[in-house]
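Geometric and topological summary
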Amino acid sequence: MVRKKAVRQSIIRQLLAIGLVFLLVLMAAFVITNIQLKSMRQKNTLAFNEQNMTQIADEIENYREMLTQIATVTAYSPTMYTYFFRIP
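Notes on the structure in this doc start here. These numbers were taken from a predicted model, which means no experiment stands behind them. (Residues numbered from 1 in each chain as written. Predicted model: local features only at pLDDT ≥ 70, side-chain atom pairs only at ≥ 80, totals over all residues. Heavy atoms only, no water.)

**Some points on the overall build of the protein chain**
- Scanning the protein chain for helices and strands turns up two helices and zero strands.
- For the protein chain, the C-alpha atoms occupy an extent of roughly 125 × 20 × 10 Å along the three principal directions.
- Of all 88 residues assigned to the protein chain, the portion counted as buried reaches 1%.
- Total accessible area on the protein chain stands at roughly 8,900 Å², and carbon and sulfur atoms take up 69% of it.
- Of the side chains in the protein chain, 10 bear a positive and 5 a negative charge, and the two mean positions are spaced by 44 Å. (Helix = DSSP H or I, 4+ residues; strand = E, 2+ residues; numbered from the N terminus. Buried < 20%, exposed > 50% of the residue type's maximum accessible area, 1.4 Å probe, protein only. Areas by Shrake-Rupley, 256 points an atom, 1.4 Å probe, with all protein chains shown as cover. Lys, Arg positive; Asp, Glu negative; His and termini not counted. Charge placed at Lys NZ, Arg CZ, Asp CG, Glu CD.)

**Some remarks on the environment of Leu 26**
- Positionally, Leu 26 belongs in helix H1 (residues 2–75).
- A residue is classified by how much of its surface remains accessible, and Leu 26, at 46% relative accessible area, is partly exposed.

**A closer look at the pattern of salt bridges**
- Going through the model one piece at a time under the given rule, you end up with one salt bridge.
- Among the ionic pairs, Glu 61 bridges to Arg 64, the shortest N-O distance being 2.7 Å. Pair noted here: Glu 61 and Arg 64 are both in helix H1, with a separation of three residues, about one helical turn.
- With a relative accessible area of 32%, Glu 61 lands in the partly exposed category. (Salt bridge = Lys/Arg side-chain N within 4 Å of Asp/Glu carboxyl O.)

Put into structure tokens, the structure is as follows:
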């Protein structure tokens, strides 16, 4: 009878140990996956921000060129010239 109880406790201990090891493996896999996902999200966010900054810089340059062209056309317009430099 004592022998059966010892064997039963041994089996329960082994099952608990296996369950604990399994739980630790799952926890480690979860932590590693979270770390990798965080790293990937950070890289993707940085790439997205860099792409947006490049697009914004290009748009600003286009607007600057357009304003320069508008100012040039306005400055050399005969109508504007006569308006500003007309003799009273």
